[in-house]
Amino acid sequence: MPGPADTAAEPIDDLRIREILSRWWGFETLRPLQADAIRAALGGRDSLVVMPTGGGKSLCYQLPPLVNETTDVVVSPLVALMKDQVDALEAIGYPAAALHSGLSPDERRQIRDRLAAGELRLLFTAPERLVNSGLLDLLAQVGVKRFSIDEAHCISQWGHDFRPEYRQLALLRERFPSASIHAFTATATPRVRDDIVSQLQLREPEVLVGIFDRPNLVYRVVPRTDRMAQTLQVLGRHAGEASIVYCISRKETERLAARLAAEGILARPYHAGLDTKERHKTQEAFSRETIDVVVATVAFGMGIDRSDVRLVLHTSLPKSLEAYQQETGRAGRDGLAAECVLLYSSADVFSWESLVRKSAEESDLEPAEAEKLIAGQVGHLHSMRRYAQAARCRHAALSEYFGQAYGTEPCGACDVCLDETESLPDSTVTAQKILSCVARVGERFGVRHVCEVLRGAKTEGIQRHGHERLSTFGLLSALDQRAAENLVHQLLDQDLLSRSGGDRPVVALNPRSWEVMRGERSVVLIEPRAGTTRKAKADVDDWQGVDRDLFERLRKWRRRVADARGKPAWTILDDKSLRAIAREKPLSPAALLRCKGIGEKRLADFGAAVLDLVAGRDPA
Ligand code: ADP
Ligand code: ZN
């Protein structure tokens, strides 16, 4: 490992880095881990960089080739991700291109020519294209010295997004023995990390692991009582802002999107069942800000890239905390406050479990292997469930899950610390009513029937079994069915009631239920405060001093420019820059250059228009 002496022997020109950063990106400083990662890249030392989504990985491979005027290669799994990056780079005048399947032979030839002429600083490509198209020969001719592997966890079977084609990247080490290889990922588990290092044959890599907490995200978990109504309510806090709503099934995304559209919200569904053109259209509409809301299945979230997403709403439980971290990671990538809401029902845990079992049983795995797979996935599921039902700081819970300690101070950015949850005043009595009803129906019925009895409903099932004669019939007649079922699920969550497996699960009492019935144990049932949320500090701070009117006018102008250029709006200027402008109200080009995100290229392209807008004139 190189010690301080080595670093001194080969000084990295910090001043030059700072100058490039400000001239091209309009940023003042590198984040601590970025500085280390860039130093490793410039020093030709292999590295593994683990940073949460939004941590700023891309700059780590974008900046070095500008410093020593090389052509570097970035491997990326998705065409959409590559295209977005190239768009963003072109917006600052950075010479980059992506070789992918969507190009015409002509376009491909052009890029190869630019590459051969040494005009490109970055070339993006997919792993299968890199190794199978004669591209490696060309790269060897050009003398490529640095490879960066984005989303490097895709190489590992232990990751959540294994892609076999990534395995072929092992051959880079042999073909380019003197080049350095840099792996980037947001997946932190040690097993995946080790796998990346060994598969890519990294040589004594510098391992840099970032902080996983995202202080600008406000986490909320809300017991799900009415998916549609709650979705509308949460979206109501983000009118006109970019939002992603996650659903489990394709059908659900379509239903929900149609309903939102009927409410006048600019929303579209997005899932694997739509054809490529349709998906592409939605993605583009989202990135050019002509729609606000994408209602998506999780499988395809990775292609949705927009830095100013202000809300990620899960209408169902994700499969694991890893998945949740990644999906919520798409919120607030610009560093501004954003909200992550999970509508939680333990009913989801049961549906996931039976799905996991079914798919394992239907696979050709040996029974022992299938059991292992099930155990692993159920374990992930239960971590997710524990997170959702714990009445403790969400930031602390997430950080600790990813192996990082978090202080004990209230975070000011989660429902628990903001004190938004409220318990039902007579929780224990209500729980006793529910439990005794379970006893009265002989522990032979499911959640729905028990709740129908409690509500005093006149269903055919109740009449057939004579359950309208039970003493618990109608005990909770003030509740509607959803609210009643929600309370039963809370009892299941807290293990104060049990549920059998199988196709028609029934609820049954356990020793803890009896303690509640005998009055030896008190119960806390949560009632979400009807729609009241408190302002998180981050949210207030980010708007401090911002002229909202001007901000909206800047956004409108940005949308027009994005549309005219056919580029994602945030690549023109992201929200952070717009807010900086709407706060500083610069009156001269020099003052504008001091605003975050304004480098020389943007000043030349948009300076006049922005200054006009600030001065209250229509931009020319
Ligand atoms: P990741 O790829 O790790 O998810 P990105 O590279 O997309 O993250 O960066 C996230 C956001 O942070 C982007 O909006 C980017 O412009 C911003 N950013 C990155 N580095 C810096 C920096 N040094 N100073 C200011 N903003 C930065
Ligand atoms: Zn908290």
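A brief report on the enclosed structure follows. (Residues numbered from 1 in each chain as written. Chains lettered and ligands numbered in written order. Predicted model: local features only at pLDDT ≥ 70, side-chain atom pairs only at ≥ 80, totals over all residues. Heavy atoms only, no water.)

## Focus: the site of ligand 1
Heads up, the condition is: Note on terminology: near, applied to a residue and a molecule or strand, indicates that one of the residue's heavy atoms is within 4 Å of it. Polar contacts here mean pairs of N or O atoms no more than 3.5 Å apart (in protein, one a potential hydrogen donor and the other a potential acceptor; neighbouring residues in sequence count only if both atoms are side-chain atoms). Only the protein chains shown count as cover for residues, with accessible areas throughout obtained via the Shrake-Rupley method and a probe of 1.4 Å. In this description a helix means any DSSP run of H or I spanning at least four residues, a strand means any run of E spanning at least two, and both kinds are numbered starting from the N terminus. Residues are grouped as follows: Ala, Val, Leu, Ile, Met, Phe, Trp, Tyr, Cys and Pro are nonpolar; Asp, Glu, Lys and Arg are charged; all remaining types, including Gly, are polar.
By nearness alone, 17 residues border ligand 1, and Thr 29, Gln 34, Gly 54, Lys 57 and Ser 58 come closest of all. At 2.8 Å, a backbone N or O of Thr 29 approaches a nitrogen atom of ligand 1. Here Arg 333 contributes a side-chain N or O atom positioned 2.9 Å from an oxygen atom of ligand 1. A total of 560 Å² of accessible area belongs to ligand 1 in isolation, and the protein chains cover 83% of it. The element best represented in the shell around ligand 1 is helix α4 (residues 57-62), accounting for three residues. Taken together, the residues of the shell around ligand 1 break down into four nonpolar, seven polar and six charged.

## Observations regarding the coordination of the zinc ion (ligand 2)
Metal coordination angles have textbook ideals: 109.5 degrees for a tetrahedral set of four donors and 90 or 180 degrees for an octahedral set of six. Applied cut-off: Metal donors: N, O and S atoms at distances within 2.8 Å, or within 3.2 Å for Na, K and Ca, with water omitted from the atom set so that some sites may seem incomplete. Square planar and octahedral sites, with four and six donors, are those where opposite donors lie more than 155 degrees apart and all other angles lie between 65 and 115, tetrahedral sites have four donors with every angle between 85 and 135 degrees, and the rest are irregular. For each residue, the accessible area found with a 1.4 Å probe, counting protein chains only, is set against the maximum for its type, and the residue is called buried under 20%, exposed over 50%, and partly exposed in between.
Bound to the zinc ion (ligand 2) on the protein side are Cys 393 (SG), Cys 411 (SG), Cys 414 (SG) and Cys 417 (SG), at distances that span 2.3 to 2.4 Å. Taken together, the four donor atoms coordinating the zinc ion (ligand 2) span angles of 104 to 120° at the metal, a pattern that classifies the geometry as tetrahedral. Each donor residue of the zinc ion (ligand 2) belongs to the same chain, and together they define the spacing C-x17-C-x2-C-x2-C. Of this pair, Cys 393 sits in the loop between α17 (367-389) and α18 (394-401) while Cys 414 sits in the loop between α18 and β14 (421-423); the two residues are 21 residues apart in sequence, bridging distant segments of the chain. Each member of the pair, Cys 393 together with Cys 414, is buried.

## Remarks on unusual backbone geometry
Here Glu 204, not a glycine, exhibits a phi torsion of approximately 35°, which is positive. When you line up the elements, Glu 204 lands in the loop between α11 (190-199) and β7 (206-209). Here Glu 204 falls in the exposed class, since its relative accessible area comes to 59%. The residue Lys 585 is not glycine, and still its phi comes out positive at about 45°. Within the secondary structure, Lys 585 sits in the loop between α27 (575-584) and α28 (589-593).

## As for the sheet that holds strand β8 (residues 217-223)
Counted only if it meets this: Whether two strands pair depends on DSSP finding at least two bridges between them. Angles here are taken between N-to-C directions and fall from 0 to 180 degrees, while the axes themselves are lines fitted to C-alpha atoms, restricted in helices to the stretch in contact.
If you trace the six strands from one edge of the open sheet to the other, you get β8-β13-β12-β9-β11-β10, paired in parallel fashion. The open sheet has two edge strands with one neighbour each: β8 and β10 (267-270). The average angle at which neighbouring strand axes cross in this sheet is 15°, direction not considered.

## Remarks on the nonpolar core
Filter applied, for reference: We define the nonpolar core as a collection of buried residues of types Ala, Val, Leu, Ile, Met, Phe, Trp, Tyr and Cys that are connected through side-chain atoms lying within 4.5 Å of one another. Start and end positions for the domains come from either an automated domain assignment or a database one. We call two residues in contact when some of their heavy atoms are within 4.5 Å.
Counting residues in each nonpolar core, the largest one holds 68 residues, and the members touching the most others are Leu 130, Leu 139, Ile 149, Leu 172, Leu 200 and Tyr 387. Here this core gathers at least three residues from each of two domains, domain 1 (4-209) and domain 2 (217-419). In this structure, Leu 130 is in contact with Val 73, Val 75, Thr 125, Leu 135, Leu 136, Leu 139, Leu 169 and Leu 172, ignoring residues within four places of it in sequence. Ile 20, Trp 25, Tyr 61 and Ala 96 belong to the second largest nonpolar core, which has 30 residues in total.

## Some words on the sheet that holds strand β6 (residues 180-185)
If you walk across this open sheet you meet the seven strands as β3-β4-β2-β5-β6-β1-β7, and the pairing is parallel. Whereas interior strands pair on both sides, the edge strands pair on one side only; in this sheet they are β3 (96-99) and β7. Strand-to-strand twist across the sheet, computed as the mean angle between neighbouring axes with direction ignored, equals 15°. Both strand β1 (residues 47-50) and β6 contribute to a ladder of four bridges, which runs parallel. Each bridged residue has a counterpart across the sheet, and for Ser 47 the counterpart in β6 is His 182.

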